[in-house]
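What the coordinates show
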Amino acid sequence: KAGVTQTPRYLIKTRGQQVTLSCSPISGHRSVSWYQQTPGQGLQFLFEYFSETQRNKGNFPGRFSGRQFSNSRSEMNVSTLELGDSALYLCASSPELTGTDTQYFGPGTRLTVL
Amino acid sequence: AQTVTQSQPEMSVQEAETVTLSCTYDTSESDYYLFWYKQPPSRQMILVIRQEAYKQQNATENRFSVNFQKAAKSFSLKISDSQLGDAAMYFCALNSGGSNYKLTFGKGTLLTVNP
């Protein structure tokens, strides 16, 4: 079974631009979560989607948004990019994400904002 | 709110030796799940081991085992017979279930394995 895939793997943008990152979960997995990883803040939860519904959202500004499609693929969007948005963005999938589910991570998208 | 603390930013171990990584957590939930993830340099995060809080028995996966002390809210990872491929950043994570639908991670411990 193929793992979680994320595209693109690397991205360079300038301040003020917007960016869209894509995540394809493991086949059969319906829950997709997004995390931001930075050296200073570590891994921080962005949001989680299940069956096209956002069930939880982390403490990030409204510039960060996401969505999930009927095939469980997910995208996240960051508008009006700031230098501090430079990070590794990780997507994780699980069958449903209850306490019993393990999250499986993709390789990440490395975003650099200049 | 749930928190996870890893007090050892870096650790090193000799090949074939044993090392223990520490993790403490806090949650008000009674039903929760704990995980150790490994992130090798420039590589994907993978699950090492998981522990259900309701289970008293400590989880083991080959050379990896945990010491789960529920009353102390402690969840340490022991790596036996360390190998060069074990070198990575190790993250402790908590999922307190319910309607949280998220993992809360510690800051990580960078493990170096010396030949």
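Going by the structure above, here's the rest.
The rules behind the values
Residues numbered from 1 in each chain as written. Chains lettered and ligands numbered in written order. Predicted model: local features only at pLDDT ≥ 70, side-chain atom pairs only at ≥ 80, totals over all residues. Heavy atoms only, no water. Helix = DSSP H or I, 4+ residues; strand = E, 2+ residues; numbered from the N terminus. Polar contact = N/O pair within 3.5 Å; in protein donor to acceptor, adjacent residues only side chain to side chain. Contact = heavy atoms within 4.5 Å. Disulfide = S-S within 2.5 Å. Buried < 20%, exposed > 50% of the residue type's maximum accessible area, 1.4 Å probe, protein only. Core = buried A, V, L, I, M, F, W, Y, C linked by side-chain atoms within 4.5 Å. Salt bridge = Lys/Arg side-chain N within 4 Å of Asp/Glu carboxyl O. Nonpolar A, V, L, I, M, F, W, Y, C, P; charged D, E, K, R; others polar.

1. Some thoughts on the side chain of A:Ser22
Residues and elements named next belong to chain A. Among the secondary structure elements, Ser 22 is positioned in strand β3 (residues 19-24). Within the structure, the side chain of Ser 22 is placed 2.9 Å from the side chain of Arg 73, a separation counted as a polar contact. Beyond its immediate stretch of four places on either side in the chain, Ser 22 contacts Thr 5, Gln 6, Thr 7, Trp 34, Arg 73, Ser 74 and Glu 75.

2. Here's the deal with the state of the cysteines
All names here are of chain A. Throughout the structure, instances matching the rule amount to two disulfides over all chains. Linked covalently through their sulfurs, Cys 23 and Cys 91 form a disulfide whose S-S length is 1.7 Å. Classification of the bridge connecting Cys 23 and Cys 91 rests on its S-S torsion, roughly -55°, and on that basis the disulfide is left-handed. Taken together, the positions of Cys 23 in strand β3 and Cys 91 in strand β9 (residues 87-94) put the pair 68 residues apart, joining distant regions of the chain. The burial state of Cys 23 is the same as that of Cys 91; both residues are buried.

3. A word on the nonpolar core
Counting residues in each nonpolar core, the largest one holds 25 residues, and the members touching the most others are B:Tyr25, B:Trp36, B:Phe75, B:Leu77 and B:Tyr90. Where this core is concerned, the elements lending two or more residues are β3 (19-21), β5 (33-39), β6 (46-52), β8 (64-69), β9 (74-79), β10 (88-95) and β12 (109-114) of chain B. Counting residues per element, this core draws most heavily on β10(B), at four residues. Of all hydrophobic cores here, the second largest spans 21 residues; its members include A:Val4, A:Trp34, A:Phe60 and A:Val113.

4. Quick word on the environment of B:Gln8
Here B:Gln8 is to be found in the loop between β1 (3-5) and β2 (10-14). Sequence-distant contacts of B:Gln8, defined by excluding residues within four places in its chain, comprise B:Thr20, B:Leu21, B:Ser22, B:Gly108 and B:Thr109.

5. Things to note about the interface of chain B and chain A
Contacts between chain B and chain A engage 18 residues on the former and 24 residues on the latter. Summed over the shared surface of chain B and chain A, the result is zero salt bridges. Where chain B packs against chain A, one counts six residue pairs in polar contact (both at pLDDT 80 or more). Of the residues contributing to the side of chain B that touches chain A, the split by class is nine nonpolar, six polar and three charged.

6. Side note on the environment of A:Val19
All names here are of chain A. Along the chain, Val 19 turns up in strand β3. With a relative accessible area of 3%, Val 19 lands in the buried category. When the C-alpha atoms of Val 19 and Gln 6 are compared, they prove to be 14 Å apart, with 13 residues separating the residues in sequence. Setting aside residues up to four positions removed in sequence, Val 19 forms contacts with Leu 11, Lys 13, Met 76, Asn 77, Val 78, Leu 81 and Leu 111.

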